[in-house]
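# Structural overview
Each chain, written out:
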Amino acid sequence: MTKDEARNGNGTVLTRRAFNQAALVGGIGIASGAALLGAPQPARAAPTRGGLLRVATHTQSTNDTFDTAKYIYTNDYIRGTSVYNTLTILNEKGQADPELAESFEPNDTATRWVFKIRKGITYSDGAPLAMDDIVYSIMRHKDAKLASSAKPLVANIKDVKADGPDTIVIDLEAPDVDLPIMIGTFQFGIIKNGTTDFSHPVGTGPFKVKEFKPGVGTSFTRNPNYWKSGKPYVDEIELFYILDPVARANALLSGDAQMVTDLRGTAIDQVKSSEAFAVFTTPCPRYTSIQAATDRPPSNNRDLGLALTYLIDRKRLLDTVLKGQGVIGNDHPIMSTSPLYNKALPQRELDLDKAKYHFVKSGFGTAKLEIDVSDAAPFSADIGQLIQREASRIGLNIELKRDPADSYWNVVAGKRPFTAINFNPRPTYNMLLNLAYRSGAVWNFSHINDPALDKMIDDARSTPDAAKRLEIYGAIQKTIYDSGSIVLPCFLNYVDGISKKVKGLVPVPVGNLSGFNFADRVWLES
Amino acid sequence: MHPSLRFALRRFAVGALILLAVSLLVFVGCEILPGDVAQVALGQFATPESIRALHQQFGLDRPAPLRYLEWLIGILHGDWGMSMGTKVPVAQLLGERLANTAMLAGATTIVAIPLALALGLLMALRAGSRFDRAASVVVLALSATPEFLIGTLAVMLFSVHLNWLPAVAQVTFGGGWAALARSLLLPVITLSIVVAAQIARMTRATIVNLLDLPFIEMATLKGVPRRRIILVHALINAVGPIANVVALNIAYLVSGIVVVETIFAFPGVARLMVDAVQARDLPVVQACAMLFCFAYVVLILAADLLAVLFNPRLRRGIHPDGSAG
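Residues numbered from 1 in each chain as written. Chains lettered and ligands numbered in written order. Predicted model: local features only at pLDDT ≥ 70, side-chain atom pairs only at ≥ 80, totals over all residues. Heavy atoms only, no water.

### Looking at the interface of chain A and chain B
The condition is simple: Residues are treated as being in contact if the distance between any of their heavy atoms lies within 4.5 Å. Here a salt bridge means any side-chain nitrogen of Lys or Arg lying within 4 Å of a carboxyl oxygen belonging to Asp or Glu. The term polar contact refers here to a pair of N or O atoms within 3.5 Å; inside protein, the definition further demands a hydrogen-donor-capable atom paired with an acceptor-capable atom, and it admits residues adjacent in sequence only when both atoms are side-chain atoms.
On the chain B side, the residues contacting the 49 residues of chain A number 47 residues. In this structure, the connection of chain A to chain B is made through 1 salt bridge. Glu96 of chain B is paired through a salt bridge with Lys213 of chain A; the nearest N and O atoms lie 2.7 Å apart. Across the chain A-chain B interface, the total number found is 3 residue pairs in polar contact (both at pLDDT 80 or more).

Next up, the structure:
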């Protein structure tokens, strides 16, 4: 289904101003058309009702939860979007569409946002949606006693309050033109005021929970009172986990699941060549990089880092390792398909002369350079090997260390000189920059400490003028590109496998299977 | 006191001591595991404040020896604590997985063990024959083939190509007995092949070894038929070693089949433990580890008791090497 149909289906129209805002701002927007490359075209046929949809995902955790503050895994997001709604919802361009809110508008400085909430929304148990519920659902993440994974997201929110029976006002510490996108993030699923027990979750979303077995699976039944008329299309969803990539592909091909996440390697070809199944691709700014810890030797040597950036054959990585499922990167976190992309920066390529120039200048000599890679960062071992081989041709002696995945993020990443890092897409580039490139940020694995960069990140979020914002984002990219702290060779598509009977998915660039939000989009062709 | 009873009581006491020692090892192991439950639970959004909040909530800010004692006393009362990740009692989390594992291990045991013993005996009966040599090669090859290969090949053939059986053992959401049996078939076949091959080899080897002993020679000289020698005289003496192999294999079915559980996406306890380790959900890890050790101790104990009952020398309290016990 296209964005327009969704909007008509919801019976809403954005105010012109709000729409302009949505079009202009951050998002991880993808230039039109690109998002659909390689993906099955959304069918125009009328959706059909009924059926059981079985979905197998690639992560499994005994920490499975319906508590919006405890979300960290794919499965939490999928379960969350099936049961709860958010005020806004991300579309395939990475912009915020209205959901529970029928419109939203900022004040002139973007420090206050007003959300008009749709009338007559009820929970699956019949209770009406109250404004207090929305206030609670957002403000609970600010509670010091609650360990919330959304804490960094709400840091900029000063207050949320109800203004009348159908209006929510959000006041911000600093201007944020991207707030509608952030507020559509999974952690801001709307729950009843005061909810602390999430074992029997109740939301306004398209499905009700039938059975919830943490670490094993979840089954859902249709919410007959869902506020979007005619939706959801399927009667039941069963969500379960298959960790092994081969087993996952087999489950799809044998018909045990109609949708599976994260196909890899030969499984992609296998699914492509089958008649009844298709590959569902979502280009997005997910990446695996090799990053230098810039606060210690030898990785504080900028020339050494720059030498590495010229030592990887990006095209080869894309073609052979990723099977074409990605987009070449230019050593900063913004994708070339984004309107924010800095076209003035030359694309880095395998260039032994330039690599040698920087390597000699670094004075590193014949010592061994260790790079830590891990399964925790997908494809990092392949990236490491590609760099290692080219490095040997200029006399740079690289040793790859493969670390176990389960403790990698706590023990290794950013704590040794050169480590592999992986980031899933954030709904806006600004969120990612704040999380991963700001001085002192927890996930700033390169330990970049650059007040000028911090200021640019703030300005990018608060500048309403689009041309100026573009300029600031351009300068941010140049700073990171020149820092010698990161090799970011490719962005990694999300690659899922689906039965050709599954219709209605759209590639939303924040996650697998319509940005982890397929429950009221999908239908099964009978 | 009867020597066998004394033997049994002594073994019970030793088993309890082993479990106590293991509990300490498990706890210490979990303590020194790098990584931290709060960090893992909060993922990429972790901040020092939220980590501290979670630590307090889990009581991880208190000294380790105190936590060990509380945990131990809890276990003795049948209280395994609360899962840190899901906030449900560990016993509840474990219960369903354990039922699944028991079902898979039970079905495999029922299929594999009679099959293995029969095959082993047949091979021993015809030791040196063409059948024996052919069977030995096949059994050796199968016991050396990793189960992920057997499992994956079986799925490729029966699920993807022939479309007869489901590729994953989805036992979670209803479906009735027929569906359950269908989904269990492939994992049971896979495990049975691996387990049966090993037990058959051991059975054959044990009995063939016994056949060289003087008392068998004596029986042969007295004109006892070969079939009777093996089934009556040799088999009784082979019960000890065979029971041990069988016990080890059943214990393996309970605790060590994480690869098969992964291939078939089967929700058993082995997978639960791996997931819990990754989530650093230590109460669950500790409970799984204790459970696995308990299974080993009980099964080996049962095998030893069986060996004593069937071995007159052990029954009289004398060790197999001839010394008085």
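There is more to say after this.
### Focus on the side chain of Ser485 of chain A
Applied cut-off: Strands here mean DSSP runs of E at least two residues long; helices mean DSSP runs of H or I at least four residues long; both are numbered from the N terminus.
Position of Ser485 of chain A relative to the elements: it lies in the loop between α16 (466-482) and β18 (486-487). Among all residues touching Ser485 of chain A, those that are not within four sequence positions of it are Ile290, Gln291, Ala292, Thr294, Ser446 and Ile448 of chain A.

### A closer look at a nonpolar patch on the surface
Residues and elements named next belong to chain B. Heads up, the condition is: Patches here are clusters of residues that have more than 30% relative accessible area and form no salt bridge, with a 9 Å joining cutoff for like charges and a 5 Å cutoff for nonpolar side chains (Val, Leu, Ile, Met, Phe, Trp, Tyr). Where accessible areas are quoted, they stem from the Shrake-Rupley method and a 1.4 Å probe; at the residue level, only the protein chains shown are allowed to cover.
Taken together, the side chains of Phe148, Leu149, Leu153 and Val259 present a nonpolar region at the surface, about 350 Å² in accessible area. Among the elements that line the nonpolar patch, the one with the most residues is helix α7 (residues 147-161), at 3 residues. Considering the arrangement of structural elements, one finds Phe148 in helix α7.

### A word on the nonpolar core
The following threshold applies: Remark: nonpolar core denotes a set of buried residues (Ala, Val, Leu, Ile, Met, Phe, Trp, Tyr, Cys) joined through side-chain atoms within 4.5 Å. Using a 1.4 Å probe on the protein chains alone, a residue whose accessible area is under 20% of its type maximum counts as buried, one over 50% counts as exposed, and one in between counts as partly exposed.
Ile242 and Leu263 of chain A together with Ile207 of chain B are the most contacted members of the largest nonpolar core, which totals 68 residues. Residue contributions to this core peak at 13 residues, all from helix α10 (residues 226-255) of chain B. Tyr77, Ala101, Ile121 and Trp227 of chain A belong to the second largest nonpolar core, which has 66 residues in total.

### Describing helix α8 (residues 176-210) of chain B
Rules: How far a helix is expected to stretch is found by multiplying one less than its residue total by 1.5 Å. The bend reported for a residue corresponds to the angle between axes fitted to the seven residues ending at that residue and the seven starting there.
Compared with the 51 Å implied by 1.5 Å per residue over 35 residues, the 48 Å span of α8 of chain B between its first and last C-alpha is a close match. If you look at α8 of chain B, its biggest bend is around 35°, right at Leu185 of chain B, and the proline Pro187 of chain B turns up within four residues after that.

### A word on the pairing of strand β17 (residues 418-423) of chain A
All names here are of chain A. Basically, it comes down to this: In short, DSSP must find at least two bridges between two strands for them to pair.
A large share of β17 lies buried, amounting to 6 of its 6 residues. Here β17 shows no split at all, with Phe418, Ala420 and Asn422 on one side and Thr419, Ile421 and Phe423 on the other all buried. Where strand β13 (residues 287-292) and β17 come together, 6 bridges link them in antiparallel fashion. Directly across from Gln291, in β17, lies its bridge partner Thr419.

### Focus on the sheet that holds strand β7 (residues 167-172) of chain A
Residue and element names in this part refer to chain A. So the rule is basically this: Note on method: axes are straight lines fitted to C-alpha atoms, helices fitted across the in-contact stretch only, with angles between N-to-C directions ranging 0 to 180 degrees.
One open sheet holds the 4 strands; their spatial order is β4-β5-β7-β6, and the pairing between them is antiparallel. With one partner strand each, in any of the chains shown, β4 (101-106) and β6 (157-162) form the two edges of the open sheet. Pairs of neighbouring strands in the sheet enclose a mean axial angle of 15°, with direction left out of account. Packed on one face of the sheet, helix α4 (residues 131-139) meets β5 (112-117), β6 and β7 and runs near 165° to β6.

### A few points about the confidence of the model for chain B
All names here are of chain B. To keep things clear, this is the line we draw: The predictor attaches a confidence to each residue, called pLDDT, with possible values from 0 through 100.
Averaged over all residues, the pLDDT of chain B is 84; the fraction at 70 or higher stands at 92%. Across residues 320-325, confidence stays below pLDDT 50; counting only partners more than four residues off in sequence or on other chains, it has 7 contacts. Across the predicted assembly, pTM comes out at 0.79 and ipTM at 0.71.

### A few points about the packing of aromatic side chains
Residue and element names in this part refer to chain B. Rules: The aromatic pairing rule takes the rings of Phe, Tyr and Trp, using the six-membered ring of Trp, and pairs them if the centres are within 6.5 Å, calling planes under 30 degrees apart stacked, those over 60 edge-to-face and the rest tilted.
Enumeration over the complete set of coordinates arrives at 19 aromatic pairs over all chains. Taking the centre distance of 6.1 Å and the plane angle of 50° together, the rings of Tyr68 and Trp71 count as tilted. Taken together, the positions of Tyr68 and Trp71, both in helix α4 (residues 64-76) and 3 residues apart, correspond to about one turn of that helix. Among the residues examined, Tyr68 registers a relative accessible area of 12% and is labelled buried. On the basis of relative accessibility, which here comes to 9%, the residue Trp71 falls in the buried class.

### Let's talk about the pairing of β7 of chain A
Residues and elements named next belong to chain A. Here β7 lies mainly inside the structure; 6 of its 6 residues are buried. Residues of β7 alternate between two faces, with Thr167, Val169 and Asp171 on one and Ile168, Ile170 and Leu172 on the opposite face, all of them buried. Sheet analysis places β5 next to β7, joined by 5 bridges and oriented antiparallel. Note that in β7 the partner of Lys116 across the bridge is Thr167. Bridging between β6 and β7 involves 5 bridges; their strand directions are antiparallel. From the neighbouring strand, Asp159 faces β7, where its bridge partner is Asp171.

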